[in-house]
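What the coordinates show
The primary structure of each chain is shown beneath.
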Amino acid sequence: PYGPQTWSYHENSANALTDAVVHAAPGAGLSLYVTDVVVYTSAAAAMNIFFEEGATTVLGPWYMPTTLNRAQESLKTPKKITANTALTVTTSAATAHGLDITGFIAPG
């Protein structure tokens, strides 16, 4: 009886991330859909970033070189994550960065 539910994730640190939970599994019969990804860095170390469902990479990797950078993806077709599966993020280095990921939960 309800429409899609929006969600967002924000992270701002200099920590390396390993399977950090972006959003938990939404429940039986529901899927996460990713609509926007913004990654920014401002440090001297290069960094790769990718998103996973379990052990499978589903978005990225994006390579961020060693200067002030920003990568922004607005997905024309939302990226569907397998039903009732969490979305996680991993980075390759401990460097100053920020992440903003948005999406919605819907049947699927």
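In the block above lies the structure referred to throughout.
Report on the accompanying structure.

About the criteria used
- Residues numbered from 1 in each chain as written.
- Predicted model: local features only at pLDDT ≥ 70, side-chain atom pairs only at ≥ 80, totals over all residues.
- Heavy atoms only, no water.
- Pairing = 2+ DSSP bridges.
- Helix = DSSP H or I, 4+ residues; strand = E, 2+ residues; numbered from the N terminus.
- Axes fitted to C-alpha atoms, helices over the stretch in contact; angles between N-to-C directions.
- Buried < 20%, exposed > 50% of the residue type's maximum accessible area, 1.4 Å probe, protein only.
- Core = buried A, V, L, I, M, F, W, Y, C linked by side-chain atoms within 4.5 Å.
- Contact = heavy atoms within 4.5 Å.
- Polar contact = N/O pair within 3.5 Å; in protein donor to acceptor, adjacent residues only side chain to side chain.
- Phe/Tyr/Trp six-rings, centres within 6.5 Å; stacked < 30°, edge-to-face > 60°.

This next bit is on the sheet that holds strand β7 (residues 87-91). What the four strands build is an open sheet, ordered β2-β7-β4-β5; its pairing is antiparallel. The open sheet is flanked by β2 (20-23) and β5 (56-64), the only strands paired with a single partner. The sheet shows a mean angle of 25° between the axes of neighbouring strands, taken without regard to direction. Two strands pair when backbone bridges link them, and strand β4 (residues 47-53) and β7 are joined in this way by four bridges, in the antiparallel orientation. Across the sheet, residue Phe51 finds its bridge partner in β7, namely Val89.

Quick look at the pairing of strand β3 (residues 30-41) now. Of all the 12 residues making up β3, nine are buried; the element is thus mostly covered by neighbouring parts of the structure. Relative to strand β8 (residues 97-107), β3 runs antiparallel, the two sharing 11 bridges. Paired with Tyr40 across the strands is Gly98, a residue of β8.

Let's shift gears to unusual backbone geometry. The step from Gly60 to Pro61 runs through a cis peptide bond, and the omega angle for that step is 10°. Among the secondary structure elements, Pro61 is positioned in strand β5. Phi at Asp19 is positive, roughly 55°, even though this residue is not glycine.

Before going further, it helps to examine the nonpolar core. In this structure, Phe51, Leu87, Val89 and Ile101 are the most contacted members of the largest nonpolar core, which totals 22 residues. Those residues in contact with Val89 that sit more than four places away from it in its chain are Tyr9, Leu17, Thr18, Asp19, Ala20, Val22, Ile49, Phe50, Phe51 and Leu99.

In this structure, Thr35 sits in strand β3. Of note is the side chain of Thr35, whose polar atom sits 3.0 Å from the side chain of Asp36. Leaving out residues up to four positions away in the same chain, Thr35 has contacts with Glu73, Ser74, Leu75, Pro78, Thr102, Gly103 and Phe104.

Throughout the structure, instances matching the rule amount to two aromatic pairs. Here Phe51 and Trp62 contribute two aromatic rings whose centre-to-centre distance is 6.0 Å and whose plane-to-plane angle is 75°, an arrangement assigned as edge-to-face. Placement of the pair is Phe51 in strand β4 and Trp62 in strand β5, with a sequence separation of 11 residues. Residue Trp62 is classed as buried on the basis of its relative accessible area, which comes to 16%.

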